[in-house]
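Descriptive analysis of the structure
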Amino acid sequence: MKLAALGEVMVELAPQQGQGTAVPLLAQSYAGDTYNTSIYMARSGVAVSYATLLGDDPYSEQMLHSMAAEGIDTAAIEQLPGRCPGLYTIRNNADGERQFTYWRGESPARELFLDDARRERLASRLRQMDCLYLSGITLAIMAPQAREHLLAFLAEFRRGGGRVAFDSNYRPRLWGSARDAQQAVDAVLQQSDIALLTLEDEQLLWGDRTAGKCLERNGRYHLGELVLKRGPEPVLLQYDGTLSALEVPPVSDIVDTTGAGDAFNAGYLAARLCGGEPEAAVAAGNRCAAQVIRYRGAIIPAAQFTPCLEKGTGQGALARA
Ligand code: ADP
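Now for a quick tour of the structure. Small disclaimer: the values here were computed from a predicted structure and weren't measured.

The rules behind the values
Residues numbered from 1 in each chain as written. Predicted model: local features only at pLDDT ≥ 70, side-chain atom pairs only at ≥ 80, totals over all residues. Heavy atoms only, no water. Helix = DSSP H or I, 4+ residues; strand = E, 2+ residues; numbered from the N terminus. Rg over C-alpha atoms; globule rule 2.2 N^0.38 Å. Buried < 20%, exposed > 50% of the residue type's maximum accessible area, 1.4 Å probe, protein only. Areas by Shrake-Rupley, 256 points an atom, 1.4 Å probe, with all protein chains shown as cover. Pairing = 2+ DSSP bridges. Axes fitted to C-alpha atoms, helices over the stretch in contact; angles between N-to-C directions. Contact = heavy atoms within 4.5 Å. Near = heavy atom within 4 Å. Polar contact = N/O pair within 3.5 Å; in protein donor to acceptor, adjacent residues only side chain to side chain. Nonpolar A, V, L, I, M, F, W, Y, C, P; charged D, E, K, R; others polar. Right-handed = clockwise from strand over helix to strand, strands pointing away. Parallel < 35°, antiparallel > 145°, perpendicular 65-115°, else oblique. Expected span 1.5 Å × (residues − 1). Arc of directions from axis to C-beta.

What to know about the overall build of the protein chain
Within the protein chain, the secondary structure is distributed over 10 helices and 14 strands. What you see for the protein chain is a C-alpha radius of gyration of 19 Å, in line with the 20 Å of a compact globule of 321 residues. Relative to its full complement of 321 residues, the protein chain shows a buried share of 52%. Element-wise, carbon and sulfur atoms account for 50% of the exposed surface of the protein chain, whose accessible area totals about 14,300 Å².

And the structure:
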């Protein structure tokens, strides 16, 4: 079973731990929501391909090397001459809150699905996959016209038996208006099999007062499985006509919940691709997220990560229809 994740990887500059100076030393790494998920899936032994556009600068080259070192297939990535990837910095405010600043307006990833020839090359790679994974951030960075092409491709991919997994990951500042975001998210959910949503984002985007209202509203889509993440509160899983509330095991020593949802999605999708049932997949998602929130940053060192799949999972429950 093969999955391709679509989105943007950025250069990250974050203050090094223990720096108390006014101008802190910054440590450089790479991150992005769907990319973070890809890393933990690859570390869990699942075949993952990452689909994006990069530049031909040293940072893009290093990203490709990092992905290859993580075991992520980079064959679907094209490099645009003279371009360089998006960048963001993290600042720790006086009250300890993390503040993010982005420079991503000219990121090559914004052109995903835009150009005809490149789109056709990407589509031919993606057709070889069993499952595609994307997020609301993937949608937000794309031009409206490119989103139309993406939607048409998702419909074609599903007609061919492929599955689509989506996390709405709503970031208001990436959108012209909440209405634009709602329209794009709605269109993708109509082409999705698995929704991995976070209640907080759903409430921000749609104004759902309760988890029940959120599930009810999403009932209009033909989702095979709907997962609603709620931080430490039980994960709600709607599958096969049944709604279950699945406890999240308590985690001690939480350091930073950045990337918790991305890590959860990795555990969930990895388990499903390896034949685990949705309930077991939620447990794998919780195990994956529990590790990540005990470290600073969205991507924890490989040496600290334990693959989150249980031995002896079944055979391809997510197999192509
Ligand atoms: P996001 O990162 O998208 O905001 P959530 O905050 O809902 O997502 O967290 C995603 C998952 O991370 C949860 O379903 C749970 O598995 C884990 N998680 C998050 N916060 C905690 C916590 N305080 N204690 C234990 N697990 C947590």
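Thoughts on the pairing of strand E2 (residues 10–15)
Where burial is concerned, most of E2 is hidden: 5 out of the 6 residues are buried. Relative to strand E3 (residues 26–31), E2 runs antiparallel, the two sharing 6 bridges. Its bridge partner being in E3, Glu12 is matched across the sheet by Ser29. By the bridge criterion, 3 bridges tie E2 to strand E7 (residues 87–92) in an arrangement that is parallel. Residue pairing in the sheet places Leu13 in a bridge with Thr89 of E7.

Comments concerning the sheet that holds strand E13 (residues 233–239)
Within the open sheet, the 8 strands sit side by side as E4-E1-E9-E10-E11-E12-E13-E14. Their pairing is mixed. Looking at which strands have only one partner, the edges of the open sheet turn out to be strand E4 (47–51) and strand E14 (242–246). If you compare each strand with its neighbour and ignore which way they point, the axes differ by 15° on average. Relative to strand E10 (residues 163–167), strand E9 (residues 131–135) runs parallel, the two sharing 5 bridges. Of the residues in E10, the one forming a bridge with Ser135 is Asp167. Sitting on the sheet, helix H8 (residues 211–218) touches strand E11 (194–198), strand E12 (225–230), E13 and E14, and the angle it makes with E12 is about 155°. Across the face of the sheet, helix H9 (residues 260–273) comes into contact with strand E1 (2–6), E9, E10, E11, E12 and E13 while running at roughly 150° to E12.

A few points about the site of the ligand
Around the ligand sit 15 residues, and of these Thr198, Gly231, Ile254, Gly261 and Asn286 come closest. The backbone of Gly261 places a nitrogen or oxygen atom 2.8 Å from an oxygen atom of the ligand. In this structure, an oxygen atom belonging to the ligand sits 2.7 Å away from a side-chain N or O atom of Asn286. Bound to the protein, the ligand loses 84% of the 560 Å² it would expose on its own. Put simply, the parts of the chain that give the shell around the ligand at least two residues each are E12, H9 and helix H10 (278–292). In terms of residue class, the shell around the ligand is built from 9 nonpolar, 4 polar and 2 charged.

Topic: the pairing of E10
Across the 5 residues that make up E10, a large majority, 4, are buried. Bridge analysis of E10 against E11 gives 2 bridges, and the strand direction is parallel. Looking at E11, one finds that Phe166 is bridged to Ala195. In this fold, E10 hands off to helix H6 (residues 178–189), which returns the chain to E11; that crossover is right-handed.

A closer look at the packing of helix H1 (residues 33–43) against helix H2 (residues 58–70)
As a packed pair, H1 and H2 sit with axes 9 Å apart at the nearest point and diverge in direction by 30°. The angle between the axes of H1 and H2 places the two elements in the roughly parallel class. Seen from H1, the contacting residues are Tyr35, Ile39, Ala42 and Arg43; seen from H2, they are Ser66, Met67 and Glu70. Looking at the contact of H1 with H2 residue by residue, the class counts come to 4 nonpolar, 1 polar and 2 charged.

Topic: the environment of Gly136
Here Gly136 lies in helix H4 (residues 136–141). Judged by its relative accessible area of 2%, Gly136 falls in the buried class. With 58 residues separating them along the chain, Gly136 and Ile194 place their C-alpha atoms 14 Å apart.

Concerning the sheet that holds E2
Across the sheet, 4 strands lie side by side as E3-E2-E7-E8; this open sheet has mixed pairing. Looking at which strands have only one partner, the edges of the open sheet turn out to be E3 and strand E8 (98–103). Within the sheet, the average angular offset between the axes of one strand and its neighbour, ignoring direction, is 25°. Taken together, the 6 bridges between E7 and E8 define a ladder with antiparallel strand orientation. Within the sheet, the bridge partner assigned to Asn92 lies in E8 and is Arg98. Across the sheet, H2 is in contact with E2 and E3; its angle to E3 comes to roughly 65°.

Regarding H2
Relative to the 18 Å expected for 13 residues at 1.5 Å per residue, H2 spans 18 Å between its end C-alpha atoms, a close match to the ideal helical length. Ser60, Met63, Leu64 and Met67 are the residues of H2 that are buried. Within H2, the buried residues cover an arc of 100° as seen down the axis, which keeps them to one side. In H2, the exposed positions that point more than 90 degrees away from the buried face belong to Pro58, His65 and Ala69. Buried residues along H2 sit in contact with E2, E3, H1, E4, strand E5 (53–54) and strand E6 (78–79). With a side-chain oxygen positioned 3.1 Å from the backbone nitrogen of Tyr59, the residue opening H2 is Asp57. At the exit of H2 stands Gly71, carrying a positive phi of roughly 85°.

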